[in-house]
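Here is what each chain is made of, one letter per residue.
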Amino acid sequence: MLNVSTKDLVPSPVGPVDVEQAEAALVERYPRLVRIAYLVLPPSLGRNRRVLTAHALVQRSLPRRRVAGPSVPEPRLAEDAVDPGYAYVRSEVLRQALVAGLPLRRLALPSRAQFPPLLPHVWGLRLFPRVGGADELALDQRLSRLSGPGRAAYVLRGLERQGDAEVLRVLAAAGVADPAAALAEADALDDAPELPGEGPGAALPPGGGGAGPEGGAAGEPGGPGRSGAGGAGGDRPGPDASGRPDLPGHGGPGPRRSGAALLESDEFDPCALQARPTDLLRRRQHARAGIVAVAALLVCGALLGLPGDGWGRNGAAAPSYARNPAAEAALDPGALKRVDPAVWPASTRQDFSVWPARGALTGDRALLRRALAVWARPGASVRASATPGTPVGPPMGPPQLLFAGEVDGARVVILHDGLRAVRYAEPVGGTAGAALDFARTDGADAVGSAALVLSRAAGNVRYLTAPWVRETSVRDLLAPGEDARPLGRDAVGVTEPMTSPALAKGCTRWNTLQVRDGSGLRMLADLGELAPARLLWGPPAAPADATGPEARAAWARTACQLSAVRAHGVRSVNAWRFARQPLPESAGSGTWLCTRAETWRGTGSRVLAQFLVPSPSVPAALAARSEGSPACGVRDPRVLAGVLWQAPGGGWYVLAAGSPDFTALETSGGVKGRSDGPLLAVKAAAGARADLTGTLPDGTRVRALR
């Protein structure tokens, strides 16, 4: 119902108003204006806030400059306000009180009047007018059911003695969109059932209508400004200059008064106040919390004012990373360790520590500085990756430079700090889209440090090989009968691109890097990490590189299972045959393989048990898998697994096999059977499930791998 703006000065409906004139009217009629604001404000605010808000609204109604009047002043009516200053201030009070009663909207900009006032403000006390009687309580309840404009209309007629025409004009000037509806609400309140104490026989207030045809119904107030013979509102005694009513007090015995007359009672006088304390227990809790907060702020301020980083939980620790001399040296490209190419042939060890610094950009200090800075503090735009268990923090000191150069449209830097190999790459055209990769390489030997992934692009991979690598070639694990294809390298040891299975979706080809060093051939597989994994074949106690015919034939059928250990921080993968089993119905012999992937971190090893049917073209079937188990390794070379197999004739069997040290195998559950020795074949139904256990020579029962 409102179209209100408290920011603009509305022209005075009577005439121009000076600031001094408005101030004089405000001071002279201050109690009256505060009472008007208190009555128009919604009772839901509570009496304490209504009192303070009413005073704040009146005090904020003083204009900042002279207010112009209308170009053609309207004729002065007998019921108009006494002077333009009072009329203007009253209009502003009504305007702000109506705005204060509006609910806050989520998307609308709130007005100042809708918030609790900053001034006046009272600490530790609750202020409210004097308590009235039943008449005042009933009127307050009725007023609470009216809208803000309705309360304003009722107050203007009952308290200001204004007629309907003047009420409509004042409401419109105060920003009410529908003054007639507000006046109708006030009429409905007057026509409501009698207030307590009103009715036939009740005493009428001075100036009220009398009984009989001229005065209206007995007990009905002769509403000020309303038409009829029931006595004009102007005949009632008005307030004095202090704003106090001229009526007898209502606290003692006396006649009952109408709703309009009750507006001038002490119940609605926010200048005659009573005081009570606030919640003392809650105030004590708030005081304690405030003291603690102030003390904490003082302590924090004192700590921030201390030299350096201030005293803290780090005690006698050195300054933060950026100010630590050793850490600053780690970020200095001039302090990078560079190994001379003549060192490794005479060294007693062959690992990353004797790799020489190679590449065309080893002298680019700006590139090296960026690589070190991103390593220490990678930004949000850097694509960082790390193998499981690899710390990603800054270097502990100046790292070793292994490579810096351009590869496949990117500037690549490879660093090593004794624990990790770190690869930094950025586009040649800028630094946006930089990548940072971490790989754990502690304890690497000559084979473990034979190569590092230098670049991946378009499904291909390039390696940087160790200086002791004499020859590189590509071997497809899925084609064991084919010869290895030579793989060229440049002068610094960077290989030509080769197809990588790390990102392949299918398993139609599994290329590996075959390198020859001073002691033989090695097979390295790209599993999506910075350091390739070494492929082995043989019993856990004495594995060998998977370069022989038997090893290649076995790996050809189990290579696709390597996808189960991608991006797992794998250092080496060893496969070995732990059993051969004659198959039922003279179907030939099956082969049982165990594949164990060891990690650089030492934990999280994965074990796969696989079964190979006689046909060499059929890939291995996964019988069981486990993570973190010592089975199939140096500590515990035993393994036990089983599968449900269908013979060529259509029959179903549970096949089980264990390593040679099992003396008996037994199935229970859906299929029951027992055999002496490490092999078992029991006839079963399709879809049958069984529990498998084995017995060791000392009588220990061991469950199948899971």
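Scroll up a little and you will see the structure.
Residues numbered from 1 in each chain as written. Predicted model: local features only at pLDDT ≥ 70, side-chain atom pairs only at ≥ 80, totals over all residues. Heavy atoms only, no water.

(A) Summary view of the state of the cysteines. Applying the stated criterion across every chain yields a total of two disulfides. Here Cys507 pairs with Cys560 through a disulfide, and the sulfurs are 1.8 Å apart. Looking along the S-S bond of the Cys507-Cys560 disulfide, the torsion reads about -90°, which is the left-handed sense. With Cys507 in the loop between strand S12 (498-499) and strand S13 (511-517) and Cys560 in the loop between helix H13 (549-558) and strand S17 (570-582), this residue pair connects regions lying 53 residues apart in the sequence. Of the residues examined, Cys507 reaches a relative accessible area of 29% and is grouped as partly exposed. Covalent S-S linkage joins Cys594 and Cys632, the inter-sulfur distance amounting to 1.9 Å. (Disulfide = S-S within 2.5 Å. Helix = DSSP H or I, 4+ residues; strand = E, 2+ residues; numbered from the N terminus. Buried < 20%, exposed > 50% of the residue type's maximum accessible area, 1.4 Å probe, protein only.)

(B) Up close: unusual backbone geometry. Its identity as a non-glycine residue notwithstanding, Ala567 has a phi of 50°, on the positive side. Looking at the element boundaries, Ala567 is found in the loop between H13 and S17. Under the relative-accessibility criterion, Ala567 is labelled partly exposed at 47%. In this structure, Ser586 is a non-glycine residue whose phi angle is positive, near 55°. Secondary-structure assignment places Ser586 in the loop between S17 and strand S18 (589-599).

(C) Spotlight on the packing of aromatic side chains. Applying the stated criterion across every chain, the model contains seven aromatic pairs. For the ring pair Trp375 and Phe438, a centre distance of 6.4 Å and an interplane angle of 65° mean the geometry is edge-to-face. Residue Trp375 is located in helix H12 (residues 365-376), and its partner Phe438 is located in strand S7 (residues 435-440); the two are separated by 63 residues in the primary sequence. Relative accessible area serves as the criterion here: at 0%, Trp375 is assigned to the buried category. Here the aromatic rings of Trp645 and Tyr653 are separated by 6.3 Å at their centres, their planes lie at 40°, and the arrangement is tilted. Looking at Trp645, the relative accessible area reads 10%, which means it is buried. Residue classification places Tyr653 among the buried positions, given a relative accessible area of 11%. Taken together, the ring pairs connect Trp576, Phe578, Trp592 and Phe611 into an aromatic cluster. The ring of Tyr86 carries the charged tip of Arg29 above its face, separated from the ring centre by 5.1 Å. (Phe/Tyr/Trp six-rings, centres within 6.5 Å; stacked < 30°, edge-to-face > 60°. Lys NZ or Arg CZ within 6 Å of the ring centre and 35° of its normal.)

(D) Fine view of the side chain of His416. Following the sequence through the fold, His416 ends up in strand S5 (residues 410-416). What makes His416 buried here is its relative accessible area of 7%. Only 3.0 Å separates the side chain of His416 from the side chain of Thr441, close enough to count as a polar contact. When sequence neighbours within four positions are dropped, the list of residues in contact with His416 reads Phe352, Pro399, Gln400, Leu402, Ala421 and Thr441. (Polar contact = N/O pair within 3.5 Å; in protein donor to acceptor, adjacent residues only side chain to side chain. Contact = heavy atoms within 4.5 Å.)

(E) Looking closely at the pairing of strand S9 (residues 460-465). For strand S8 (residues 451-457) and S9, the ladder comprises six bridges, and the chain directions are antiparallel. When the bridges of S9 are listed, Leu452 appears paired with Leu464. Linking two consecutive strands that pair antiparallel, namely S8 and S9, is a turn of two residues; a positive phi of about 55° is found at Ala458 within it. As judged from the two bridges shared by S9 and S12, these two strands associate in the antiparallel manner. Looking at the pairing, Val461 lines up with Met498 of S12. (Pairing = 2+ DSSP bridges.)

(F) View of the sheet that holds S8. What the three strands build is an open sheet, ordered S8-S9-S12; its pairing is antiparallel. Taken across any chain shown, the strands that pair with only one partner, and hence form the sheet edges, are S8 and S12.

(G) Local environment of the side chain of Ser455. Secondary-structure assignment places Ser455 in strand S8. With a relative accessible area of 5%, Ser455 lands in the buried category. Separated by 2.9 Å, the side chains of Ser455 and Asp408 make a polar contact. Excluding its chain neighbours within four sequence positions, the residues that come into contact with Ser455 are Val407, Asp408, Arg423, Asn460, Val461 and Arg462.

(H) How the structure looks around helix H4 (residues 84-100). Look at H4: 24 Å from first C-alpha to last across 17 residues, which is about the 24 Å you get at 1.5 Å a residue. Of all 17 residues in H4, 17 are buried; the element is thus mostly enclosed. (Expected span 1.5 Å × (residues − 1).)

(I) Seen up close, the packing of H4 against helix H7 (residues 164-173). For the pair H4 and H7, interaxial distance at closest approach is 9 Å and the crossing angle is 65°. Handedness of the H4/H7 crossing: right-handed. Along its contact with H4, which presents Arg90, Ser91, Leu94 and Arg95, the element H7 presents Glu166, Val170 and Ala173. (Axes fitted to C-alpha atoms, helices over the stretch in contact; angles between N-to-C directions. Left-handed = near helix turned anticlockwise from the far one by under 90°.)

(J) Layout of the nonpolar core. Val40, Val58, Leu94, Leu143 and Leu171 are the most contacted members of the largest nonpolar core, which totals 47 residues. Mapped by element, the contributors of at least two residues to this core are helix H1 (19-28), helix H2 (30-40), helix H3 (47-59), H4, helix H5 (134-144), helix H6 (148-158), H7 and helix H8 (179-190). Setting aside anything within four residues of it in sequence, one finds Leu171 in contact with Pro149, Ala152, Ala153, Leu156, Val176, Pro179 and Ala182. The next biggest cluster of nonpolar side chains, apart from the first, holds 34 residues, and it includes Ala450, Leu464, Leu530 and Ala531. (Core = buried A, V, L, I, M, F, W, Y, C linked by side-chain atoms within 4.5 Å.)

(K) Geometry of the sheet that holds strand S25 (residues 679-684). Taking strand neighbours across the sheet as the criterion, the three strands line up as S21-S22-S25 in an open arrangement whose pairing is antiparallel. In the strand order of this sheet, the two ends are held by strand S21 (640-646) and S25, each with one partner. For this sheet, the mean inter-axis angle between neighbouring strands, taken without regard to orientation, is 20°. In terms of strand pairing, S21 meets strand S22 (residues 652-658) through seven bridges, oriented antiparallel. Looking across to S22, one finds that Trp645 is bridged to Tyr653.

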